[in-house]
Number of protein chains: 4
Amino acid sequence: MAYPFSGARLDPEEFAFDAIDSLEPDAEKAAYDSLTSLKLVRKRATGERTTVRVKNVEIGADRFVVIAGPCAVESERQVMETAEAVARAGARALRGGGFKPRTSPYAFQGLGLEGLKLLRKAGDAFGLPVVSEAMSDTQVELVAEYADLIQVGTRSMENAALLAALCRCRRPILLKRAMVASVEELLEAAEYLLANGNPNVVLCERGIRTFGKLTRNTCDIVAVPLLHQLTPLPVIVDPSHSTGRRSLVPSLARAAVAIGADGLLVEVHPSPETALSDGAQSLSIPQFGCMMRRLDPYLRLWAEELAESDPVVPAAPR
Amino acid sequence: MAYPFSGARLDPEEFAFDAIDSLEPDAEKAAYDSLTSLKLVRKRATGERTTVRVKNVEIGADRFVVIAGPCAVESERQVMETAEAVARAGARALRGGGFKPRTSPYAFQGLGLEGLKLLRKAGDAFGLPVVSEAMSDTQVELVAEYADLIQVGTRSMENAALLAALCRCRRPILLKRAMVASVEELLEAAEYLLANGNPNVVLCERGIRTFGKLTRNTCDIVAVPLLHQLTPLPVIVDPSHSTGRRSLVPSLARAAVAIGADGLLVEVHPSPETALSDGAQSLSIPQFGCMMRRLDPYLRLWAEELAESDPVVPAAPR
Amino acid sequence: MAYPFSGARLDPEEFAFDAIDSLEPDAEKAAYDSLTSLKLVRKRATGERTTVRVKNVEIGADRFVVIAGPCAVESERQVMETAEAVARAGARALRGGGFKPRTSPYAFQGLGLEGLKLLRKAGDAFGLPVVSEAMSDTQVELVAEYADLIQVGTRSMENAALLAALCRCRRPILLKRAMVASVEELLEAAEYLLANGNPNVVLCERGIRTFGKLTRNTCDIVAVPLLHQLTPLPVIVDPSHSTGRRSLVPSLARAAVAIGADGLLVEVHPSPETALSDGAQSLSIPQFGCMMRRLDPYLRLWAEELAESDPVVPAAPR
Amino acid sequence: MAYPFSGARLDPEEFAFDAIDSLEPDAEKAAYDSLTSLKLVRKRATGERTTVRVKNVEIGADRFVVIAGPCAVESERQVMETAEAVARAGARALRGGGFKPRTSPYAFQGLGLEGLKLLRKAGDAFGLPVVSEAMSDTQVELVAEYADLIQVGTRSMENAALLAALCRCRRPILLKRAMVASVEELLEAAEYLLANGNPNVVLCERGIRTFGKLTRNTCDIVAVPLLHQLTPLPVIVDPSHSTGRRSLVPSLARAAVAIGADGLLVEVHPSPETALSDGAQSLSIPQFGCMMRRLDPYLRLWAEELAESDPVVPAAPR
C-alpha cells in the first residue's frame, strides 16, 4: 500500500520501516516535528498516493511522465520543431517559458503572451499538454488560459501572493523547490496550495545551491524517496537545472528513474548553442532522442516496481 | 572508448561531448582551469579507465562491487555473522572499522588492533577482501597488515601526512570525499597519491554537508558521472553516510547503479538498534539481502551499458 | 573620495586598493565579470555614495540609521508602545509588518491593511518614518500609501513582478538579500530597480542559510564592505534575522557599526515571549534601550571615520 | 562574572539571558543537547573565562592579542623583516608556516624544519612568541620544540591522531574551525584536547565554506559571541582566510574587535604580490601598520567593556 520506491515497502515483512516513527530523539526529530502542522500534504497511514491529471496525462500514476521542451519559447519554428521531436521520442508533455524570471534586467525576458500562444499551438499540434510558468499572481489567469499545468519556479516557491492566486485557479500546479528550501519548506508551500483549495500539486526537485562550482546546482536526489515517504504527492526531477551541463543530464535522468521519481522535466532545444537562455544545459533533439531510447529499460523496471504496489488514487475532485 | 555511463558516449555520433572543451568561458571554466595542474588523475584522450585490484576483486572493471559490513567491528560474533550474510547476499568485500574517527572524546573509539584482526578473520573465512580505515600516518603500516583496501575517511581527505604514508604503502586506497570538498579538491587529493607513487585509488562520494536537516548529508550523485568525465579512477557511492537513514539506503543504492557508479559501500549490522555507532543508517541483514535482490535487474542493465564500451586497463603496476 | 569603511581608503597613500582591478585571473574574476553587465548599480570611479531619503531621514548619509519595531503589527497598544520606546532610545524609523510572508499556511499572516494603518499612526505620533513589506505587486500601491520605505523581503528578492511594480512607485525600497543569493544577485535585483526607474534602494544583509543549527542564519558581515566596494547604495544589517536569537543581537549590531554599515534593522517587541512571530529574536524594550546606549561610543567612531571621507550625493531626483 | 561581550551581561538587570535555558523546544534545542556531553569545554555557571598563556603573552585576558606574520616562512630576510614590522606596529605574536598543508601536490609545501628555525629566530629577535602549524602527530614534537603556540589548521580539526599527540605535548593549542564544522563540532574537538590533558586551547573562527564566490570563505562572525556564551575558552578571528582578499581584512578586523573577539590572526608579507602562498589575502607591511593604527580606538572600547566585567582565571595548571 505504501509507495513502491520508498524503502517502506521494499519488502513488507523485512522492511517494516516507518520513516517517521523510527526516528531517533534528536535533531531530525525536531525537523519532523515541524511537519506535524502539515495536515493535508502528509501521507496517510494507508499509503495512498495522489495522481495529478494534466489534460490527458496522469502524473503519479502508472506511467512515467517526461515533460520536455525549450527553456523559453523563442519562435514558432523553434517550438513546433521541438514539440514534434519530443513527442516522437516519447515525451508526454511540452514545456516552454513565455514569461521568464531573470535576475538580470538585461537578460531575455521571454516572448510573453505570444510565447504562450505558440506553446499552446505546438502542444495541440502534437497532442501534448503544455506546461508554463506564472511568475506573479497577476499572470496566473493568463497563463491558466493557455497552459495545462502551471509551473511555480524556484524563485517563486515562497511567493505567497502567487500561491494564493494559484489556489483560486483550476489548473494543476508544478511546484519547484526553491534553491535553498528544505524539504519541509517545499511541503509547507504545497500545504498552502492544498489548504486553500488546489489539491493538484506535483513537486519538483531541481537542485539546491551548494559550494560546488562544476555544476550549476547540486541535485538532492534523495529528496525523491524522502518526499515519497512523507507525502502522497508525485515528485519529478529536473536534470537540466540540477546540473546546468547537458553532458550530465542523461546520467541524472537515469538515476531519477531508478530512485522512483514520477517523471522528468528536461530542457530541449533544436539548436542549444544559439538558445537565448540556458543553452549549456539544453539537449539537442538527437541527444534527447538518444537519452529516451536509453532510458527505456530503466522505465520497464520502474513499471515493474510499480506493478507490485497498490493502486493509486486521484487527487480529491475540486 | 570513453566511459560508458558518462554522457560522453551515450551515443558517439550524436553525443560528441567533450566535457571540458565545451565549457563556456565563465566561472566553470575557471574551476576547470584549476584542474589543469592535475596531470596524473586526469582522464586521457583515449578514455581509458583504471581498474583497481583489491586481492581477488577488481573495482572499476566489469563487475559492480558491493562492499558491506558494520560501521565498527564490535565483536567476533558480530563481524562473522555479518561477513557470512553479506557474502551470501552478493557483497564482494567486507568493511569494518577498527579505529573509529569520532569527534567526541566520549564516543566509542573502536576496538583498534583487535578489531582489525577480527575483520581479517571474518574476511578470510568467507573469501572477502577487507576494507578498513587508517586515521593517521602512524596507523598505516598496521592497517596495511590486515586490510586489503585502506580507507581514507571523510575527515582525513586533506590529511597530508596520512596521504604521504599511504603513498609509501603497497595497498590500494579508498579515498572518501571530505564533507565539504569540491570535486576538484577530491581530485587533488587523488593526484597527491598518484604523484607520490600509489596509482591504486578508488574515489567515494559519501554526501556533502548542506542545510538539510532530514538527512545526515546530501548525496551529490552527479559527482559520479562528473568524475567519470574527468578521471579514469573508479568511483563508488556510500548510501549509508549520504543519507544517515536506513530507509533511504536502498533507493539511493539503485540510483547509484543507474548513474554508473562502480560500486557501493554499505553499512550492515546484525542488530542495528544496538549498534555502537551509526545504527540509524545501518541495514539489518535481511534488509541488506532484500536490497541486493532488488538491485539485481539494475545490475544487469549496468553490465549491458558496460559491455557496449571498450575494455579497461589496470592501474600501472607498482 | 571612496567609501570610508571599505579598505579602499583606510589610508589613501598606503591602501591604494582597487577592489576590482586587483583581482587575480581566477574564479573570482569570473564572478566579477558577471557584474560588468550591471551598469547603474556599480560604483563610479569618483567613489560617490548614494543617499536615500526616507521622509525626514537620510540613509547612507552622515548619521547611522537604526530602524526598529515589531516583526508584525499585532495591536494598537503594541505598536504605539514600541514606537514611543524605540524613538526615545534613538531609533530613527519604525518597522512593522502588516502583511507577513509565512511559509506555513497556518502561521499568523498579519493584520493586513489594519496593521499598516496602526503602523502609520504610531510613526506619525512619534515622528518616525515607517517601513513595511509589500509581498506582491498587487500590494505595492496599498503599502506605498502607508509606508515611507517599502521592504522587499528575503523571499521576494527575485520576485520580478514585485520589483516591476516597485519601479513604478515613488517610494524608496529596502531590498533584503535572499537567503541564498550571492552578492552579485543582490546587485542584479537592485540594478533591476534602478534600470526601471527607482534609484532609491537600500540594501540589507540579513543572514544567509548554511549548515549551522545554533543560529537561524549566518550573517555574512563581510558583504557590507564588499558591497561598499562595488556599489554606491547604502547597506544596512538585520541582526535579528541574522541570528534568530536575541542574546546575539547586540553583539552583532556592534560589529555592523564597526564594519561600516549604514544602519540596522532590529526587531523589538514589548513582550517578546508572547509575540505572534519571531519572538525568540526580538529584543524587549529595555533590552533595546540597553543595546542603543552601549552602541553609542561605536557610533561616535563611525561618525569620525565618515567625517574623514568626502561628501556623499543624493540619489538622482525622480 | 559572565563574558563581557556576550549579550549575557550587557546589563545584568535588563539582560538576564541564559543562552541555553531560554531556548525554544525546537531544533536548536536538539543542537544544544548535543553539547551536554561536553563537560569540560562548557562554561561554568560562574561565567569564568579561561586565559591561555603563550610565553609572555596571555590570550583571553585583559589585552587584545594580534598575531601576525607570513602565511609561510620563505626566507630569513622575509621573516625577519615581517617580525620587526609587525612588532613595531603592535602585534604581540608572530605567525609563520614551516609545514604547509596544501591540497595540490604541486603547490609550495613550506621550508619545513628550516622554516621553523627561522621563525624562532625572528620571534626571539623581536620579543614575539611564535605560532606555527603541526600537520600530523609525527610533527608535533618537532613543532613544539620551536613554536610557543601550535596551530591546528582548518583541514586538521578532526584529525584525531594529531589531537591525541597535542594532548601529550605541553604547548598551548590554536584550534582553527574546520571549513564546514559546526560550532558544536569545534567544541567537541576542544573537549577532546581538554579531556585528554591539554587545557590551553584558543579557538579560531576563520570562515566557513558557502556558495559565495567573491570571498574565499564566509566569516561566521556571530560564532564569536556564541562561543563566548558556551565556553570559557578564548576565541580569535582570522580575517585573512575569512575573506581571501586583503582589501576586506581591515574592515573585518574592526568588526572582530567590536564583537568581542580575544584577538586576531592576520597574514602579513613584505611583498604580497610575490608571496609563495596566499598573496591575495596578505597585507603589506604599511597596510598592516595602517590597519593597526585605525584599530586603536576600537581596542580602547574593547578594553572598557572588559574592565566592567569580572576578572578572569588562568587555565588549570598542568
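Computed from a predicted structure; not experimentally measured.

1. Quick notes on the sheet that holds strand 5 (residues 130-133) of chain B
The strands making up a sheet are joined through hydrogen bonds of the backbone, oriented either antiparallel or parallel.
All names here are of chain B.
No. 1: If you walk around this closed barrel you meet the eight strands as 3-4-5-6-7-8-9-10, and the pairing is parallel. Within the sheet, the average angular offset between the axes of one strand and its neighbour, ignoring direction, is 25 degrees.
No. 2: Inspection of the sheet shows strand 7 (residues 173-176) paired to strand 8 (residues 201-205) by four bridges, in the parallel sense. Following the sheet pairing, lysine 176 is matched in strand 8 by cysteine 204.
No. 3: Its contacts with the sheet put helix 3 (residues 113-125) on strand 4 (93-95) and strand 5, and the angle it makes with strand 5 is roughly 165 degrees.
No. 4: Sitting on the sheet, helix 4 (residues 137-146) touches strand 5 and strand 6 (149-152), and the angle it makes with strand 5 is about 165 degrees.

2. Observations concerning the packing of helix 2 (residues 76-89) of chain A against helix 3 (residues 113-125) of chain A
All names here are of chain A.
No. 1: The N-to-C vectors of helix 2 and helix 3 enclose an angle of 30 degrees; their axes lie 9 Å apart at closest approach. Relative to helix 3, the element helix 2 lies roughly parallel. Judged by the twist between their axes, the crossing of helix 2 over helix 3 is right-handed. When helix 2 is examined against helix 3, the residues Glu76, Val79, Met80 and Ala83 are found in contact with a partner set consisting of Leu118, Leu119, Lys121, Ala122 and Ala125.
No. 2: Considered class by class, the residues forming the contact of helix 2 with helix 3 number seven nonpolar, no polar and two charged.

3. So, the pairing of strand 6 of chain B
Residue and element names in this part refer to chain B.
No. 1: Burial along strand 6 is two-sided: Leu149 and Gln151 and Ile150 and Val152, pointing in opposite directions, are all buried.
No. 2: Where strand 5 and strand 6 come together, three bridges link them in parallel fashion. For glutamate 133, the partnering residue across the bridge sits in strand 6 and is glutamine 151.
No. 3: Chirality of the crossover, the property in question, places the unit of strand 5, helix 4 and strand 6 among those that are right-handed.

4. Points about the interface of chain A and chain C
No. 1: Listed as interface residues are 28 residues of chain A and, on the opposing side, 28 residues of chain C.
No. 2: Between chain A and chain C the total buried area reaches about 2500 Å² when both faces are included, carbon and sulfur atoms providing 58% of it.
No. 3: Taken together, the connections running from chain A to chain C amount to four salt bridges.
No. 4: Among the salt bridges present, the one from Glu185(C) reaches Arg209(A), with a minimum N-O distance of 2.7 Å.
No. 5: Here chain A is connected to chain C by eight residue pairs in polar contact (both at pLDDT 80 or more).
No. 6: Of the residues forming the side of chain A that touches chain C, the biggest block, six residues, is contributed by helix 6 (residues 183-195) of chain A.
No. 7: Of the residues contributing to the side of chain A that touches chain C, the split by class is twelve nonpolar, eight polar and eight charged.

5. Some thoughts on helix 4 (residues 137-146) of chain C
No. 1: Those residues of helix 4 of chain C that sit buried are Asp137(C), Gln139(C), Val140(C), Val143(C), Ala144(C) and Tyr146(C). The buried residues of helix 4 of chain C occupy one face: seen down the axis, they fall within an arc of 150 degrees. With respect to the buried face of helix 4 of chain C, the exposed residues turned more than 90 degrees away are Glu141(C) and Glu145(C).
No. 2: Buried residues along helix 4 of chain C sit in contact with helix 4 (137-146) of chain A together with helix 3 (113-125), strand 5 (130-133), strand 6 (149-152) and helix 5 (160-168) of chain C.

So, how was this worked out
Residues numbered from 1 in each chain as written. Chains lettered and ligands numbered in written order. Predicted model: local features only at pLDDT ≥ 70, side-chain atom pairs only at ≥ 80, totals over all residues. Heavy atoms only, no water. Pairing = 2+ DSSP bridges. Helix = DSSP H or I, 4+ residues; strand = E, 2+ residues; numbered from the N terminus. Axes fitted to C-alpha atoms, helices over the stretch in contact; angles between N-to-C directions. Contact = heavy atoms within 4.5 Å. Parallel < 35°, antiparallel > 145°, perpendicular 65-115°, else oblique. Left-handed = near helix turned anticlockwise from the far one by under 90°. Nonpolar A, V, L, I, M, F, W, Y, C, P; charged D, E, K, R; others polar. Buried < 20%, exposed > 50% of the residue type's maximum accessible area, 1.4 Å probe, protein only. Right-handed = clockwise from strand over helix to strand, strands pointing away. Buried area = accessible area lost by both parts, 1.4 Å probe. Salt bridge = Lys/Arg side-chain N within 4 Å of Asp/Glu carboxyl O. Polar contact = N/O pair within 3.5 Å; in protein donor to acceptor, adjacent residues only side chain to side chain. Arc of directions from axis to C-beta.

Structural measurements only, silent on function.
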